[in-house]
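Structural features, examined
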Amino acid sequence: MSNRTFTMIKPDATSKGYTGAILDQIIKSGFSIKALKWTKLTPSQAGEFYAVHSERAFYGELVEYMCSGPIIAAILEKENAVSDFRKLIGATNPANAEEGTIRKKFATSIAENAVHGSDSDENATIEGDFFFSKLERF
Ligand code: ATP
Ligand code: MG
């Protein structure tokens, strides 16, 4: 099992000023930051990142939303990183997310749900490599 995962703080959360509070909750939950970037996705980058959803009805809306403002991208380290981070962020739809989770506290809707978290060790590596070179991670 790998000890790293990848996250993004999505445009709804950065635009509402939640970046600091979300990073604080992530760090206080035992994750350490191994790479960090403030950037804005192009439609082609967002489309590639979420290509697995390209057949879904919400794909166009998802790509547009992910390009609508700046994001934070980060590689995080902790034992059991992928599954512990998915627990910390809560269900995709904030209405179903447990109390205290990041999505319960900061997300707006199933579409604008504040944060991304990798769903497997394999995808954590692919997604981290999408954003960061070897020189940008420690
Ligand atoms: P993420 O991959 O961003 O961590 P997730 O793994 O919880 O989220 P996925 O099923 O991978 O959920 O969906 C990717 C993203 O697509 C969601 O986080 C959300 O922004 C958007 N999305 C998912 N389902 C819907 C929906 N029914 N309507 C609109 N947007 C959706
Ligand atoms: Mg996902």
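In the block above lies the structure referred to throughout.
Sequence order sets the numbering: in each chain, residues are counted from 1 along the sequence as written. Labels follow written order: the first chain is A, the first ligand is 1, and so on. It should be noted that, the model being predicted, local features are given only for residues of pLDDT at least 70 and side-chain atom pairs only at 80 or more, the latter also being counted only at that level, while totals for whole chains, interfaces and linings use all residues. As a rule here, side-chain values come from all non-hydrogen atoms in the structure, and water together with hydrogens is ignored.

1. Brief notes about helix H7 (residues 121-131)
Each residue is assigned to one of three classes by its accessible area relative to the maximum for its type, calculated with a 1.4 Å probe on protein chains only: buried under 20%, partly exposed between the two thresholds, exposed over 50%. Runs of E in the DSSP output that reach at least two residues are strands. Runs of H or I that reach at least four are helices, and both are numbered from the N terminus. Inspection of H7 places Ala124, Glu127, Gly128 and Phe131 among the buried residues, and these make up the whole buried set. On an axial view of H7, the arc spanned by its buried residues comes to 100°, and they lie on one face. Within this analysis, the arc is defined by the directions that extend from the helix axis to the C-beta atoms.

2. Description of the pairing of strand S1 (residues 4-9)
Taking burial as the measure, the six residues of S1 include five buried ones, the bulk of the element. Strand pairing follows a simple DSSP-based rule, namely that at least 2 bridges must link the two strands. When S1 meets strand S3 (residues 71-77), the two strands line up antiparallel, connected through six bridges. Bridging from a neighbouring strand, Ile9 pairs with Ile72 of S3. Pairing of S1 with strand S4 (residues 115-117), which is carried by three bridges, proceeds in the antiparallel orientation. Following the sheet pairing, Ile9 is matched in S4 by Val115.

3. Describing unusual backbone geometry
The backbone phi angle of Asn80 is positive, close to 60°, even though this residue is not glycine. Along the chain, the position of Asn80 falls in the loop between S3 and helix H5 (81-89). Given the relative accessible area of 33%, Asn80 is considered partly exposed. Positive phi values are uncommon outside glycine, yet Ala114 reaches one of about 70°. Along the polypeptide, Ala114 turns up in the loop between helix H6 (102-106) and S4. Judged by relative accessible area, which is 0%, Ala114 ranks as buried.

4. Side note on the site of ligand 1
In the vicinity of ligand 1 lie 13 residues, with Lys10, Tyr50, Thr92, Ala111 and Asn113 positioned nearest. Polar contact criterion, stated in full: a pair of N or O atoms within 3.5 Å, where within protein one must be able to donate a hydrogen and the other to accept it, and residues adjacent in sequence count only if both atoms are side-chain atoms. Between an oxygen atom of ligand 1 and a side-chain N or O atom of Thr92, the distance comes to 2.5 Å. With respect to ligand 1, the backbone of Gly117 contributes an N or O atom lying 3.0 Å from an oxygen atom. Throughout, the Shrake-Rupley method with a 1.4 Å probe supplies accessible areas, and for residues the shown protein chains are the sole cover considered. For ligand 1, the accessible surface in isolation is 580 Å², of which the surrounding protein chains cover 81%. Tallied by class, residues from the shell around ligand 1 come to five nonpolar, five polar and three charged. In this text, near means that some heavy atom of the residue lies within 4 Å of the molecule or strand in question. All amino acids are sorted into three groups, where Ala, Val, Leu, Ile, Met, Phe, Trp, Tyr, Cys and Pro are nonpolar, Asp, Glu, Lys and Arg are charged, and the leftover types, Gly among them, are polar.

5. Things to note about the environment of Leu23
Tracing the backbone shows Leu23 in helix H2 (residues 19-28). Spatially, the C-alpha atom of Leu23 lies 9.3 Å from that of Ile33, the residues being ten residues apart in sequence. Pairs of residues are marked as contacts when any of their non-hydrogen atoms sit within 4.5 Å. Discounting chain neighbours no more than four positions away, the residues touching Leu23 are Ile9, Ile33 and Leu36.

6. What about the sheet that holds S1?
Spatially, four strands are ordered S2-S3-S1-S4 in an open sheet, and the strand pairing comes out antiparallel. Edge positions in the sheet fall to strand S2 (32-39) and S4, since each has one partner strand and no second. Strand-to-strand twist of the sheet, defined as the mean angle between neighbouring strand axes without regard to direction, takes the value 15°. In this analysis an axis means a line fitted to C-alpha atoms, helices contributing only their contacting stretch, and an angle means the value between N-to-C directions, from 0 to 180 degrees. Along the sheet, H7 makes contact with S1, S2, S3 and S4, crossing S1 at roughly 55°.

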